[in-house]
Amino acid sequence: MVQFIVTLITGGIAGWLAGMIMNSKGGIIRNIIIGLIGGVIGGFLGGLIGVTATSWIASILIAVVGSCVLIWLARKLF
C-alpha cells in the first residue's frame, strides 16, 4: 500500500514537472496519469540506452523525460 502511494506521488510530481517543461495545462489527476505512463515510457527508453534509476530522484527524472515524450507525442497525434 505504501509503495502504491509513493508511486502516485512520484507520478504526480513527474507529470507536473513535465507539464511545466512542455507548457501543458492539466489537473492533478491528469498529471498523475501522465507521470505514471511517462514513467513506463521513460523506463523503456532508459533501458534501451542502458540507463536505470537507482534513487527516488532518478526515478522522477526518468519519468519526467518519459512524460515529456508522451506530451510531445500526444501533440503530434492530436
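Residues numbered from 1 in each chain as written. Predicted model: local features only at pLDDT ≥ 70, side-chain atom pairs only at ≥ 80, totals over all residues. Heavy atoms only, no water.

Novice: Even after reading the chapter, I still don't get the packing of helix α2 (residues 28-49) against helix α3 (residues 56-77), so can you show me in this structure?
Specialist: Any two packed helices are characterised by how steeply their axes cross, that is the angle between the axes, and by the distance between the axes. For the pair α2 and α3, the least separation of the axes is 6 Å and the interaxial angle reads 105 degrees. Of the possible angle classes, the one that applies to α2 and α3 is roughly perpendicular. Facing Ile34, Gly35, Ile37, Gly38, Gly39, Ile41, Gly42, Gly43 and Leu45 of α2, the residues of α3 in contact are Ile62, Ala63, Gly66, Ser67, Val69, Leu70 and Ile71. (Axes fitted to C-alpha atoms, helices over the stretch in contact; angles between N-to-C directions. Helix = DSSP H or I, 4+ residues; strand = E, 2+ residues; numbered from the N terminus. Parallel < 35°, antiparallel > 145°, perpendicular 65-115°, else oblique. Contact = heavy atoms within 4.5 Å.)

Novice: Help me understand helix α1 (residues 2-21), please; the structure alone is not making it clear to me.
Specialist: Each full turn of the α-helix corresponds to 3.6 residues, which orients residues three or four apart in the same direction. Helix length check: α1 (20 residues) gives 29 Å between terminal C-alpha atoms against 28 Å at 1.5 Å per residue, within 8%. Among the residues of α1, Thr10, Gly11, Gly12, Ala14, Gly15, Ala18 and Gly19 are the ones counted as buried. Of the surrounding secondary structure, the elements contacted by the buried residues of α1 are α2 and α3. Asn23 sits one or two residues past α1 and shows a positive phi near 55 degrees. (Expected span 1.5 Å × (residues − 1). Buried < 20%, exposed > 50% of the residue type's maximum accessible area, 1.4 Å probe, protein only.)

Novice: Is there a simple way to explain the nonpolar core in this structure?
Specialist: Among the nonpolar cores identified, the biggest contains 9 residues, and these are Ala14, Ala18, Met22, Ile34, Ile60, Ala63, Val64, Cys68 and Ile71. When residues of this core are traced back to their parent elements, those giving at least two are α1 and α3. Of all the elements, α3 adds the most residues to this core, at 5 residues. (Core = buried A, V, L, I, M, F, W, Y, C linked by side-chain atoms within 4.5 Å.)

Novice: So what exactly am I meant to see when it comes to the layout of surface pockets here?
Specialist: Roughly 240 Å³ of internal volume is contained in the largest pocket. Listing elements by their share of the lining of the largest pocket, those giving two or more residues are α1, α2 and α3. Among the elements that line the lining of the largest pocket, the one with the most residues is α2, at 6 residues. Grouping the amino acids of the lining of the largest pocket by side-chain chemistry returns 7 nonpolar, 11 polar and no charged. (1 Å grid on protein atoms, 1.4 Å probe; cavity = no way out; pocket = protein on both sides within 12 Å on 5 of 7 lines; lining within 4 Å. Points joined across faces, edges and corners; volume = space filled by probe spheres on them. Nonpolar A, V, L, I, M, F, W, Y, C, P; charged D, E, K, R; others polar.)

Keep in mind these values describe shape, not function.
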